[in-house]
Amino acid sequence: EAQVTQNPRYLITVTGKKLTVTCSQNMNHEYMSWYRQDPGLGLRQIYYSMNVEVTDKGDVPEGYKVSRKEKRNFPLILESPSPNQTSLYFCASSLQFGGGYTFGSGTRLTVV
Amino acid sequence: ELKVEQNPLFLSMQEGKNYTIYCNYSTTSDRLYWYRQDPGKSLESLFVLLSNGAVKQEGRLMASLDTKARLSTLHITAAVHDLSATYFCAVVPMDSNYQLIWGAGTKLIIKP
């Protein structure tokens, strides 16, 4: 089944403890992106990647890192999480930018 | 500043009624997406509108795009309870740096 898989689905962590949210797609998509969703704000892009080793900042990149060493994987790294990063995170992929996007199931992160 | 505004943000309606959700955007764009999100779930692609005057229909939902007015509409015909969800529109600016700009979402509740 074609899908975008995120892990974990739920995560509660403490301020400053490094964490990684994984994202993997099995559709050979070139474009991948991370979003955060907060009530009343819609989705805001954190980082995106056009292909392997090609990444760039979105609207709200502060406090986040990404890497794209393989086409299928696009992990989101929070080096030192803070409470304002408590949010619902989605990974999405597309065959190319501007095409239809497939979203992962989401990761609900709480930073205390 | 790039903006995508949806109206209304909240809509409660009776089954069998018709209604329209509006998506206005502030930048030049010829590509607009509509997505659906059920509570606690991921985002599901509904429509991709690629040119001025584009109209797409799926069941009781019909979406249209007017690039000159910078307006897209999502029309619901004879609403049924199963259409209760939050609906998002998103645009790709013409001068996009590979960013997708999202509306805040319209929460639709359809009462039996």
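Since this is a predicted model, take the numbers as computed values, not measurements.

## Side note on the overall build of chain B
Part 1 of the reasoning: Counting secondary structure elements, chain B contains 0 helices and 11 strands.
Part 2 of the reasoning: Scanning chain B from its N terminus toward the C terminus, one meets helices and strands in the order β-β-β-β-β-β-β-β-β-β-β.
Part 3 of the reasoning: Projected onto the principal axes, the alpha-carbon positions of chain B cover approximately 45 × 30 × 20 Å.
Part 4 of the reasoning: The buried share of chain B, reckoned over its 112 residues, is 45%.
Part 5 of the reasoning: Here chain B displays about 5,600 Å² of accessible surface, and carbon together with sulfur accounts for 49% of that area.
Part 6 of the reasoning: Each charge class in chain B was averaged separately, 11 positive and 10 negative side chains, and the resulting centres sit 4 Å apart.

## Quick word on the state of the cysteines
Part 1 of the reasoning: One pass over the structure, following the stated rule, counts 2 disulfides over all chains.
Part 2 of the reasoning: The partner cysteine of Cys23 of chain A in its disulfide is Cys91 of chain A, sulfur to sulfur 1.9 Å. Judged by the sign of its S-S torsion, about -70°, the bond between Cys23 of chain A and Cys91 of chain A is left-handed. Of this pair, Cys23 of chain A sits in strand S3 (residues 19–25) while Cys91 of chain A sits in strand S9 (residues 87–94), and the two are 68 residues apart along the sequence.
Part 3 of the reasoning: The disulfide that involves Cys23 of chain B links it to Cys89 of chain B, with 2.0 Å between the sulfurs. Between Cys23 of chain B and Cys89 of chain B the sulfur-sulfur dihedral comes to about 85°; the bridge is accordingly right-handed. Here Cys23 of chain B, found in strand S3 (residues 19–25), pairs with Cys89 of chain B, found in strand S9 (residues 85–93); they are 66 residues apart in sequence, far enough to count as distant.

## Here we look at the side chain of Thr13 of chain A
Part 1 of the reasoning: Mapped onto the secondary structure, Thr13 of chain A falls in strand S2 (residues 10–13).
Part 2 of the reasoning: Apart from the residues within four sequence positions on either side, Thr13 of chain A is in contact with Leu19, Leu109, Thr110, Val111 and Val112 of chain A.

## Describing the pairing of strand S4 (residues 29–37) of chain B
All names here are of chain B.
Part 1 of the reasoning: Counting buried positions over the 9 residues of S4 gives 7, a clear majority of the element.
Part 2 of the reasoning: Inspection of the sheet shows S4 paired to S9 by 7 bridges, in the antiparallel sense. The residue of S9 that forms the bridge with Tyr35 is Phe88.
Part 3 of the reasoning: Relative to strand S5 (residues 43–49), S4 runs antiparallel, the two sharing 6 bridges. In the strand pairing of S5, Arg36 is matched with Glu44.

What counts and what doesn't
- Residues numbered from 1 in each chain as written.
- Chains lettered and ligands numbered in written order.
- Predicted model: local features only at pLDDT ≥ 70, side-chain atom pairs only at ≥ 80, totals over all residues.
- Heavy atoms only, no water.
- Helix = DSSP H or I, 4+ residues; strand = E, 2+ residues; numbered from the N terminus.
- Buried < 20%, exposed > 50% of the residue type's maximum accessible area, 1.4 Å probe, protein only.
- Areas by Shrake-Rupley, 256 points an atom, 1.4 Å probe, with all protein chains shown as cover.
- Lys, Arg positive; Asp, Glu negative; His and termini not counted.
- Charge placed at Lys NZ, Arg CZ, Asp CG, Glu CD.
- Disulfide = S-S within 2.5 Å.
- Contact = heavy atoms within 4.5 Å.
- Pairing = 2+ DSSP bridges.

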